[in-house]
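# Structural features, examined
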Amino acid sequence: MYNQAGVDALDAVRAVVASFGVPLAFRKLYGLLNAMEMHVEETPYSVEALQYLGKALEATARLYRIDQPKSTQLTRALATFLRTVEKK
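Conventions adopted
- Residues numbered from 1 in each chain as written.
- Predicted model: local features only at pLDDT ≥ 70, side-chain atom pairs only at ≥ 80, totals over all residues.
- Heavy atoms only, no water.
- Helix = DSSP H or I, 4+ residues; strand = E, 2+ residues; numbered from the N terminus.
- Rg over C-alpha atoms; globule rule 2.2 N^0.38 Å.
- Buried < 20%, exposed > 50% of the residue type's maximum accessible area, 1.4 Å probe, protein only.
- Contact = heavy atoms within 4.5 Å.
- Areas by Shrake-Rupley, 256 points an atom, 1.4 Å probe, with all protein chains shown as cover.
- Lys, Arg positive; Asp, Glu negative; His and termini not counted.
- Charge placed at Lys NZ, Arg CZ, Asp CG, Glu CD.
- Phe/Tyr/Trp six-rings, centres within 6.5 Å; stacked < 30°, edge-to-face > 60°.
- Axes fitted to C-alpha atoms, helices over the stretch in contact; angles between N-to-C directions.
- Parallel < 35°, antiparallel > 145°, perpendicular 65-115°, else oblique.
- Left-handed = near helix turned anticlockwise from the far one by under 90°.
- Nonpolar A, V, L, I, M, F, W, Y, C, P; charged D, E, K, R; others polar.
- Arc of directions from axis to C-beta.

### What to know about the overall build of the protein
On a plain count of helices and strands, the protein comes out with five helices and zero strands. Secondary structure elements of the protein occur, N-terminal to C-terminal, as α-α-α-α-α. Computed over its C-alpha atoms, the radius of gyration of the protein comes to 12 Å, within 12% of the 12 Å expected for a compact globule of 88 residues. Along the first, second and third principal axes, the C-alpha set of the protein runs to 35 × 20 × 20 Å. Counting across all 88 residues of the protein, residues that qualify as buried make up 36%. Counting only contacts in the protein whose residues sit at least 6 apart along the sequence, the fraction spanning at least 24 positions is 69%. About 5,300 Å² of surface is accessible on the protein, with carbon and sulfur atoms providing 57% of the total. Computed over 11 positive and 9 negative side-chain charges, the inter-centroid distance for the protein is 9 Å.

### Points about the packing of aromatic side chains
Taken as a whole and judged by the stated rule, the model has two aromatic pairs. Between Phe20 and Phe26, the aromatic rings sit 6.4 Å apart at their centres with planes inclined by 85°, giving edge-to-face as the arrangement. Note on Phe26 and Tyr64: the rings are 4.9 Å apart at their centroids and 40° apart in plane angle, and the pair reads as tilted. Placement of the pair is Phe26 in the loop between α2 (11-18) and α3 (27-40) and Tyr64 in the loop between α4 (47-63) and α5 (68-86), with a sequence separation of 38 residues. Each of the two residues, Phe26 as well as Tyr64, counts as buried.

### Structural notes on the packing of α2 against α5
At a minimum axis distance of 8 Å, the contact between α2 and α5 shows a crossing angle of 165°. Classified by the interaxial angle, the pair formed by α2 and α5 is roughly antiparallel. The crossing of α2 and α5 is left-handed. Two secondary-structure elements touch here, α2 through Ala12, Val13, Val16 and Val17 and α5 through Lys70, Gln73, Leu74, Ala77, Leu78 and Phe81. Of the residues belonging to the contact of α2 with α5, the class tally is eight nonpolar, one polar and one charged.

### Some remarks on α2
Buried within α2 we find Val13, Val16 and Val17. Buried residues of α2, seen end-on, are gathered within an arc of 100° and therefore sit on one face of the element. Those residues of α2 that are buried lie in contact with α3, α4 and α5.

Structure (structure tokens):
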């Protein structure tokens, strides 16, 4: 069953990543975002898998040396997303 609410919950995370800019190297970040979306878009889904993908997204942002304010935004957006999908 398609989970529009779960996909919508990822919008804030996607917006933060978009604020990093669009260098070609950032495709890894978008690949992880796409994996998160594919995972949450159908129920049932694993919150644990989404947590690991979120950690991978944060680690990849560190790899690209995203500045601290944007990194904090990403952490907050991921936490909100995970809280939202845990309730479903």
